[in-house]
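# Structural overview
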Amino acid sequence: MFDHFIVYGLQSRNGDISLQNLLNSDQEPEIQHIYPKTDTALFDNLKLWCFPEGIIYYTDEYKSLNKQVEEDIQDIHSKDQLFHFVLTNEKGKQRYCTTLLYYERIYVRNQNKHDQKLSKCFPKVPLKQIINNPLILDEDTQIIYAPKAVVLMSSQPIFDLGRQFLVFLYNNYILDFGNKEFVVSWEDLQQFDQLVLAHGLSGAENEWNQRQIRFINKNPIILYDRDFLEFYISVLFSLKPTILKTLNSEVRITRFEEEFLRFRIEDQDILSINNFAYRPLFSRLSLVNIMRIVISIIFERQILFFSSNPGEISQITEGLLSFIKPLQWDNIYIPCSNIQLWEHATALQPYMMGFDKKHKEFITSQLENKVIVDLDSDQVIDQQKEDEYGVPELLLKDLKQQLKQIAVTIKYSPQQKVYQWMEAILKTKKSFFNFMLNIIDNVIPFIKPVNQREQNNSFMSNLKQCFDLDGYIKAHKDPKLIEPIAKNTMMFGSFISTIDDYLTYEKQDIDKCVLTYINYMKQNDPKQMSIQQDKEIERHLYNFQTPQQIDLYQWFIKYKKFKDLMSYQQYEPQKPKDKEKLKIILHFYDENSRQKTRHLLNKRENRFNSFSTQRIVDLNKVFTEQRVEYLVQTLKVPLHISIKQSNSQRGVEKKKNMSRSSFLVQPENKDDLKRLVGVLEQT
């Protein structure tokens, strides 16, 4: 469901970060991690969107270092934010991004911190004391706060799923250092060992996937989140609709019996529950203004959105676009734009663009004849009135009445408020869909047979080639309304082209919303269509109330075994280290030592310091990864795994025997089998 996981942050050069380089923009945040691995040149422009206010550095007293910012900051985490934006490439393909932006403490080298260097006669200082009070290195070390961005990118508008995961990441890793404890059952780990002994790794995994292991809090092993960040990211990239698809499209994933993620697989249908929130839309705009904006979108006006919280504009525009189905916006779409790109608003093509409200006065003073939407004050300013579009007053009145009726018929209940909210959203989508059907009407009879078409290359001629445009306008119940839409909008042309691909050329991979429209038009029975719509709403609401449950515990057991295998594969015997050498001692005048210590402290602050994309796997088939297969084939001895156990559960002597458990691989011969059985009996 997600295409990429990306982390932007400052990279140390030659083991150090220079404040002068940061202030001169010679060094900026860059991609530290990306999964799946790909050419980072494809994301050259992504940084502009990840840091919408620019790259600002703060001192340890929360004062801006490189930009004039008028704000009183009491806590650096008050600058942390989560927002959404949409990228569109030259082919019109969109990428929906959810970004967590937070500030990370960085130890930098500042050669100009003091005019006079400290004396060389200062005593040596142990590393532990430096870590507790890093400013002991006061000669040229300075603490700053630098922005860091974590991005989840998808080809679908699954903003809410991205938000849930990044909120979990922020609370459990950014704020809590991954110190949250959880336990797994020692007995379940043993069960997996026995399956490996009997069937080998791949066979054990297949059988384990079929089992429904209940969490057993007996002989627990205490683990910490900080050691399993890659596991949770693996969860995101293992949620594939083809695997999860069941009769119930609503999925609830629990993390050791606590809800971790909730989403739906089928969210692209007209009357489905989407994986983005409608709350920002309805909390910011009245129904009347929502209708005005929808009409402006249908006629492909140039629309500008302004909000003091620009990160929410993408969810608002996605909600608005869901109300014009089965049409699809095919024009410029930059719902959360950077002020550096404001000149795109001078384009001649239709567009939907969003900006921070602080730029509203400047941008609107440079433009005219636009639709201006102020989300903070619920205002829609347009020089054209809605009746000038030609939308019949009766049609608008009917839509208003349906929307008001939804609010009247749904009675509020605290116990059912989430369910009722979803019900209201689906009924609102139904009202707008029927509104769109009244505008578009039935286009299918006007698709020309292949033998009646003439070849031509221009866009409008291509539309006329496969579609009787004049006949359609003439036969429409309101020709004045439909003519500017049919002749002047790209959305309508693309809509007709998609229907032609399906009906004439039998293309199956088309927009589900267009397919739903075709099925409704073939029925040509408004009463039956309304009944079918209500059944569809009931189905989605039932799925919402009874989601399919997936607990991460099953996956976690397999992943822990995989992680242990990887640790063994990467293990290289080393000579015992001298304990004295581990105590790094610094002199104030020793520049190289201070540089190494800054590097060490920065690694300590970096939540992704030990992160490795090699440990991100498809949890549905962990042990079919090529590198693990190779290891299993070549490994001839049991793999030992360190296990933490409490003295209260086992005696001291037994603890020594149990502190390292054997991971059993498929035996090569009978002697190996006897030896492995003996090890298993010991455990």
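The notes below deal with the structure included here.

Our next topic: the sheet that holds strand E17 (residues 548-551). With respect to topology, 3 strands assemble into an open sheet ordered E11-E10-E17, the strand pairing being mixed. Of all the strands in the sheet, just strand E11 (258-264) and E17 have a single pairing partner and so form its edges. Strand-to-strand twist in this sheet, taken as the mean axis angle between neighbours without regard to direction, amounts to 25°. Judged from the 4 bridges that link them, strand E10 (residues 250-255) and E17 form a sheet pairing that is parallel. Of the residues in E17, the one forming a bridge with Arg252 is Gln549.

The side chains of a regular strand alternate, residue by residue, between the two faces of the sheet. Among the 6 residues that make up strand E1 (residues 4-9), 6 are buried, leaving the element largely enclosed by the rest of the structure. Pairing of E1 with strand E7 (residues 141-154), which is carried by 5 bridges, proceeds in the antiparallel orientation. Across the sheet, residue His4 finds its bridge partner in E7, namely Met153. In the sheet, E1 pairs with strand E2 (residues 30-35) via 5 bridges, with the strands oriented antiparallel. By the bridge assignment for E2, Val7 is matched with His33.

One finds Val443, Phe467 and Tyr472 to be the most contacted residues of the largest nonpolar core, which totals 82 residues. With 11 residues, helix H13 (residues 417-440) is the largest single contributor of residues to this core. Residues in contact with Phe467, not counting those within four places in the same chain, are Val443, Phe446, Ile447, Lys448, Tyr472, Phe492 and Ile496. Formed by 63 residues, the second largest nonpolar core is a distinct cluster that contains Phe182, Ile221, Phe556 and Val622.

Reading the values: the criteria
Residues numbered from 1 in each chain as written. Predicted model: local features only at pLDDT ≥ 70, side-chain atom pairs only at ≥ 80, totals over all residues. Heavy atoms only, no water. Pairing = 2+ DSSP bridges. Helix = DSSP H or I, 4+ residues; strand = E, 2+ residues; numbered from the N terminus. Axes fitted to C-alpha atoms, helices over the stretch in contact; angles between N-to-C directions. Buried < 20%, exposed > 50% of the residue type's maximum accessible area, 1.4 Å probe, protein only. Core = buried A, V, L, I, M, F, W, Y, C linked by side-chain atoms within 4.5 Å. Contact = heavy atoms within 4.5 Å.

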